[in-house]
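Architecture at a glance
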Amino acid sequence: MMEKKEGSHNHEEKTKGGLITMPFIFANEVCEKLAVVGFSANMISYLTQQLHMPLTKAANTLTNFSGTASLTPLLGAFIADAYAGRFWTITVASTIYQIGMICLTLSAILPHSRPPPCKGEQVCQEANSGQLAILYISLLLTALGSGGIRPCVVAFGADQFDETDPKQKTTTWKFFNWYYFCMGASILVAVTVIVYIQDNIGWGWGLGIPAIAMALSIIAFMIGYPLYRNLDPAGSPFTRLLQVCVAAFRKRNLAVVSDPRLLYENEEIDAAISVAGKLLHTKHIRFLDKAAIVTEEDKLKSSSSTPNLWRLNTVHRVEELKSIIRMGPIWAAGIILITAYSQQGTFSLQQAKTMDRHLTKSFQIPAGSMSVFTMSSMLATIIFYDRLFVPVIRRFTGLDRGITFLHRMAIGFVISILATLVAGFIEVKRKHVALEYGLINKPNAIIPISFLWLVPQYTLHGVAEAFMSIGHLEFFYDQAPESMKSTAAAFFWLSISAGSYLSTVLVSLVHKLSGGPGGSNWLPDNNLNHGKLEYFYWLITLLQVINLIYYLWCAKFYTFKPIQMHRKEEDALSNSKEEEVELASHV
């Protein structure tokens, strides 16, 4: 994307952005997350208690929705990077999300949009196809809205800091920490106040308040428009990647050149996609270099300034594709952590519903609010990381950010392994108490064991997210090509999508394959006390251990993108060529 320029107002445009825009962007993020989490945190209760879905079907509905909502960011990122720009993509997507929230709220208010309530011990009537259609349409609209919001908000916020300005460069990585902090703070309100309203006042208000919050987020975001540093879309990044592939395939029979200086360069056609700097040639995936080899045919068919990009590409465009390919293995490593994290909103929540959740004799914490411990630990870890950990570690590493994002992610992976390992042992303890008190055959009975036993697993998941998820987001934004920042954020959400879908597949397979005589199952639909949920947690633990080994191998051989930065200081013009080349390896 290119920064917008308006003739005589060019200097004024360049002064836009910076910290002054953060209140509007963060206000949008806080309200949007309050809406998203406000209706999703306790949705398992809505599906099972209001629509009377079986547990496994409800769990899979939620993970499928989460997966779809994390898949649509690819579409939103494409529209933002290629056509509409981030501001208008966020605005339109937020409006679509608002419509979905209104539909969902109306379905909770209108009696005919859900099955009649259960009476006594009678078999509950499941929602009919029409009632489910309303639910699925509402979820689809919110998923489409999320597709435009999720990849663009974080990239739009980071856009407000000019990385070519050394004074602002170090502010970018801090932005990710505080972006996640504001997001976590709003989630904390959602899983306490909103969930309490849903459980104790009603789903009409419980979904209506998040819908109102979403409307406020749109207003707050649009008010800040005059202050934003807006970047023009630079054309479809997916088209450029495809052009490199086609050009390299067409020249597959050519020999790879030994001297990269012979490869095609054209600063004029790359100007829109290399505002901050030009990607330098790397020696990896050399087959793609063939797309930048100039042949006699290229010279004949191309004009002096604009070649046929389906036959000939610049080194910068080839390196864009290489960067995306190199990011792939690290991206894939984040999937299984999301699978582990997903269980908090399904099976861990069902565990909490069977336990004593009283804080006092008259007040008990709603099961849907258990993630308050995840959010609290995540927020505390972010503050610790930014204010204590980074300043101390910086003295030893010399890095502005303390440790690289690859190291940060590795720490998160290890802590996530501990979280699911502990979760299995807690489930063993819960069932032991149920057996001791003769409640093993009473699925709706409250077992005399405190919900505080679940706090360690929720807390560890929060700490893991503060390290891994923020590190993952930093990695995508830092290592993605300049013109693909929204797409990079979409890759982050795509890993969440894949993790959610993997959770659905894993739950379905375990439910099917673990079924035994007499209806026994690791993940039973009607009575969690008869299941082997601890085995399921430990299966995820084993998968995470394998994934950690895979990640460490990938991180060891990862090559950071090399970039020649365009510096802002005037005295940089007098510097030597070597000083102008900055390898953005952040080692």
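In the annotation of an unreviewed UniProt entry, the protein is listed under the name Nitrite transporter and assigned to Davidia involucrata. Of the comments in the UniProt record for the protein, the one headed Subcellular location (unreviewed entry) reads "Membrane".

Another aspect to go through is the overall build of the protein. Along the protein, the regular secondary structure elements total 22 helices and six strands. Counting only residues that meet the buried cut, the protein has 56% of its 587 residues in that class. By sequence separation, contacts in the protein at least 24 residues apart represent 82% of the contacts at least 6 residues apart. Only carbon and sulfur atoms are counted for the fraction: they give 65% of the accessible area of the protein, which is about 25,100 Å².

Summarising the element assignment, Thr 374 is placed in helix 17 (residues 372-397). Overall, Thr 374 belongs to the buried group, its relative accessible area being 0%. As a C-alpha pair, Thr 374 and His 461 span 87 residues in sequence and 6.1 Å in three-dimensional space. Leaving out residues up to four positions away in the same chain, Thr 374 has contacts with Tyr 341, Gln 344, Tyr 458, His 461 and Gly 462. A distance of 3.1 Å separates the side chain of Thr 374 from the backbone oxygen of Tyr 458, its partner in a polar contact.

Turning our attention to the pattern of salt bridges. Applying the stated criterion across every chain yields a total of nine salt bridges. Between Asp 270 and Arg 317 there is a salt bridge whose closest N-O contact spans 3.0 Å. Of the two residues, Asp 270 sits in helix 12 (residues 267-270) while Arg 317 sits in helix 14 (residues 315-333), which places them 47 residues apart along the sequence. Comparing Asp 270 with Arg 317, the two get one shared label, buried. Note that Glu 534 and Lys 431 form a salt bridge whose closest N and O atoms lie 3.1 Å from each other. Remark: Lys 431 occurs in helix 18 (residues 405-436) and Glu 534 occurs in helix 21 (residues 533-556); sequence separation between them is 103 residues. Here the two residues Glu 534 and Lys 431 agree in accessibility, since each one is buried. In the salt-bridge network here, residues are joined through shared partners; they are Asp 289, Glu 319 and Lys 322.

Residues other than glycine seldom take positive phi values, yet Ile 285 does so here, at roughly 50°. Of note, Ile 285 is situated in the loop between strand 3 (277-279) and helix 13 (296-301). Using a relative accessible area of 33% as the deciding quantity, one classes Ile 285 as partly exposed.

Another aspect to go through is the side chain of Asn 527. For Asn 527, the position within the fold is in the loop between helix 20 (485-513) and helix 21. Of the polar contacts made by the side chain of Asn 527, one reaches the backbone oxygen of Ile 440; its length is 3.1 Å.

Let's shift gears to the environment of Val 154. With respect to the element layout, Val 154 can be found in helix 7 (residues 129-159). The spatial distance from the C-alpha of Val 154 to the C-alpha of Tyr 179 is 7.5 Å, given a sequence separation of 25 residues. Ignoring any residue separated from it by four or fewer positions in sequence, one finds Val 154 in contact with Phe 175, Phe 176, Tyr 179, Leu 473 and Ala 489.

Under the definition given, this model contains 28 aromatic pairs. Their ring planes at 80° and their centres at 5.6 Å tell us that Phe 78 and Tyr 83 sit as a pair that is edge-to-face. With relative accessibility at 57%, the residue Tyr 83 sits in the exposed group. Ring centres of Phe 87 and Tyr 228 lie 5.9 Å apart, and the angle between their planes is 50°; on these two criteria the pair is classed as tilted.

Locating Lys 290 in the fold gives a position in the loop between strand 3 and helix 13. At 10.0 Å, Asp 289 is the nearest oppositely charged side chain to Lys 290, a buried residue that forms no salt bridge. In this structure the side chain of Lys 290 is engaged in a polar contact, spanning 3.0 Å, whose partner is the backbone oxygen of Leu 254.

Tracing the chain through its elements places Phe 181 in helix 9 (residues 171-200). Aside from chain neighbours lying at most four places away, what touches Phe 181 is Leu 379, Ile 382 and Ile 383.

Attention shifts here to empty space enclosed by the protein. As enumerated under the stated definition, the model contains six cavities of 30 Å³ or more in all. Taken as a whole, the largest cavity spans an internal volume of roughly 960 Å³. Considering the residues around the largest cavity, the lining is formed by 41 residues, among which Val 37, Ser 40, Ser 66, Tyr 341 and Ser 342 are closest to the centre. Elements supplying a minimum of two residues to the lining of the largest cavity: helix 2 (22-40), helix 4 (55-71), helix 9, helix 15 (335-342), helix 17, helix 19 (455-479) and helix 20. Split into classes, the residues belonging to the lining of the largest cavity amount to 23 nonpolar, 15 polar and three charged.

Cut-offs used in this document
- Residues numbered from 1 in each chain as written.
- Predicted model: local features only at pLDDT ≥ 70, side-chain atom pairs only at ≥ 80, totals over all residues.
- Heavy atoms only, no water.
- UniProt positions renumbered as here; feature names shortened; annotations may be inferred.
- Helix = DSSP H or I, 4+ residues; strand = E, 2+ residues; numbered from the N terminus.
- Buried < 20%, exposed > 50% of the residue type's maximum accessible area, 1.4 Å probe, protein only.
- Contact = heavy atoms within 4.5 Å.
- Areas by Shrake-Rupley, 256 points an atom, 1.4 Å probe, with all protein chains shown as cover.
- Polar contact = N/O pair within 3.5 Å; in protein donor to acceptor, adjacent residues only side chain to side chain.
- Salt bridge = Lys/Arg side-chain N within 4 Å of Asp/Glu carboxyl O.
- Phe/Tyr/Trp six-rings, centres within 6.5 Å; stacked < 30°, edge-to-face > 60°.
- Lys, Arg positive; Asp, Glu negative; His and termini not counted.
- 1 Å grid on protein atoms, 1.4 Å probe; cavity = no way out; pocket = protein on both sides within 12 Å on 5 of 7 lines; lining within 4 Å.
- Points joined across faces, edges and corners; volume = space filled by probe spheres on them.
- Nonpolar A, V, L, I, M, F, W, Y, C, P; charged D, E, K, R; others polar.

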